[in-house]
Amino acid sequence: MIGTDRPVTRVLVVDDEQAITELVSTALRYEGFEVTCAASVAEALSVADRFTPHVVVLDVVLPDGDGVSLAPKLHARQGGVPVLFLTARDSDDDKIRGLTLGGDDCLTKPFSVGELVARVRAVLRSTGALRGADRLVFADIEIVPRTREVHRGGRFIELTDTEYRLLHYFVVNARVVLSRQQLLDHVWGQEFAGEAGNLETYVSYLRRKLDCGGPRLIHTVRGVGYVLRLPR
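Residues numbered from 1 in each chain as written. Predicted model: local features only at pLDDT ≥ 70, side-chain atom pairs only at ≥ 80, totals over all residues. Heavy atoms only, no water.

In the nomenclature of an unreviewed UniProt entry, the protein chain corresponds to Response regulator transcription factor from the organism Allokutzneria oryzae.

**Considering the pattern of salt bridges**
The condition that has to hold: Any Lys or Arg side-chain nitrogen located within 4 Å of an Asp or Glu carboxyl oxygen qualifies as a salt bridge. Strands here are runs of E lasting at least two residues and helices are runs of H or I lasting at least four, both read from the DSSP assignment and numbered beginning at the N terminus. Residue exposure (1.4 Å probe, protein chains only): buried if accessible area is under 20% of the type maximum, exposed if over 50%, otherwise partly exposed.
What the rule picks out here adds up to 12 salt bridges. Two residues, Arg-119 and Asp-105, come together in a salt bridge whose shortest N-O distance is 3.3 Å. Placement of the pair is Arg-119 in helix α5 (residues 113-127) and Asp-105 in strand β7 (residues 105-108), with a sequence separation of 14 residues. Note that Lys-209 is salt-bridged to Glu-163, the shortest N-O span being 2.7 Å. Placement of the pair is Lys-209 in helix α8 (residues 198-211) and Glu-163 in helix α6 (residues 161-172), with a sequence separation of 46 residues. Look at Lys-209 and you get partly exposed, because its relative accessible area is 26%. Overall, Glu-163 belongs to the buried group, its relative accessible area being 4%. Put simply, Asp-15, Glu-17, Asp-59 and Lys-109 are held in one network by salt bridges that share partners.

**Notes on helix α1 (residues 18-30)**
Put simply, the rule reads: Expected span, for any helix, means 1.5 Å times one less than how many residues it has.
The end-to-end C-alpha distance of α1 is 18 Å, a good match for the 18 Å that 13 residues give at a rise of 1.5 Å each. Immediately beyond the C-terminal end of α1, within one or two residues, lies Gly-32, with a positive phi of roughly 100 degrees.

**Focus on the sheet that holds strand β2 (residues 34-38)**
So the rule is basically this: A pair of strands is considered paired only if DSSP assigns at least 2 bridges between the two. Note on definitions: angles span 0 to 180 degrees between N-to-C directions of axes, and those axes are lines fitted to C-alpha atoms, for helices only across the stretch in contact.
Spatially, 5 strands are ordered β2-β1-β3-β6-β7 in an open sheet, and the strand pairing comes out parallel. Sheet topology places β2 and β7 at the edges, where each strand pairs with a single neighbour. Within this sheet the neighbouring strands show an average axis-to-axis angle of 20 degrees, counted without direction. Bridging between strand β3 (residues 55-59) and strand β6 (residues 83-87) involves 4 bridges; their strand directions are parallel. What sits directly across from Val-57, in β6, is Leu-84.

**Points about the nonpolar core**
Rule in force here: As used here, the term nonpolar core means buried Ala, Val, Leu, Ile, Met, Phe, Trp, Tyr and Cys residues forming a set that is joined through side-chain atoms within 4.5 Å.
Core analysis: the biggest nonpolar cluster contains 29 residues, and Leu-167 and Phe-170 have the highest contact counts within it. Of all the secondary-structure elements, those providing two or more residues to this core are β9 (136-138), β10 (141-144), α6, α7 (180-188), α8 and β15 (225-228). When residues in this core are grouped by element, the largest group, 7 residues, is from α6. Formed by 20 residues, the second largest nonpolar core is a distinct cluster that contains Val-14, Leu-45, Leu-62 and Leu-70.

**Let's talk about the UniProt feature "modified residue: 4-aspartylphosphate" (unreviewed entry) in the protein chain**
Defined as follows: UniProt positions are given in the numbering used here, feature names are shortened, and annotations may be inferred rather than shown by experiment. It only takes one pair of heavy atoms within 4.5 Å for two residues to be counted as in contact.
Using the residue numbers shown here, the UniProt feature "modified residue: 4-aspartylphosphate" (unreviewed entry) corresponds to Asp-59. Structurally, Asp-59 is set in strand β3. Residue classification places Asp-59 among the buried residues on the basis of a relative accessible area of 5%. Excluding residues within four positions of it along the chain, Asp-59 makes contact with Val-14, Asp-15, Asp-16, Gly-67, Leu-86 and Lys-109.

Spelled out as structure tokens, the structure:
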């Protein structure tokens, strides 16, 4: 049976102040985000590898380092994941400004939870996967599940049923490395008994239709499977 996974946007909150992480995580969960927290640089890197967040809310000051140095590591290890920095009023604005030129953002403490949620949504809209009531977005790909319409860069892309289900699963799991078996089970069903090369064939079809609208987003992970991410 084909799965019916709902799209979930994952947020990693990195701050060593428990009151801040509880406030932020509660507000984001209320808005429908999946949230995991970390309190240090080391924990953030470890959690991010397992959690594969769509966006990181990151305090600049951490007990074993700083967010300014951590952000490029997260970018490199998580396929360009965007970051919303939490800064104090006396923080080094020049360093933060240099990092936010790439699509990241910063928010000065103290802040309202409403503003933080709005900033998270804005960062997701401009740089990554976004959970929405009526559409799924990753980079310049937009899917409308209700009508099964797909656009890239504003251009309509006609897909077969199998191509659509494959792309939908990639976008729902953006930046997550998916094994060949996961893709076969989800798109073709666990009782699939067709040719083993079907997956590679349909990934090729999908790439051909998507890549003419921009840089390649579906990347091969040798010995494992595939991942949908921004080019490095």
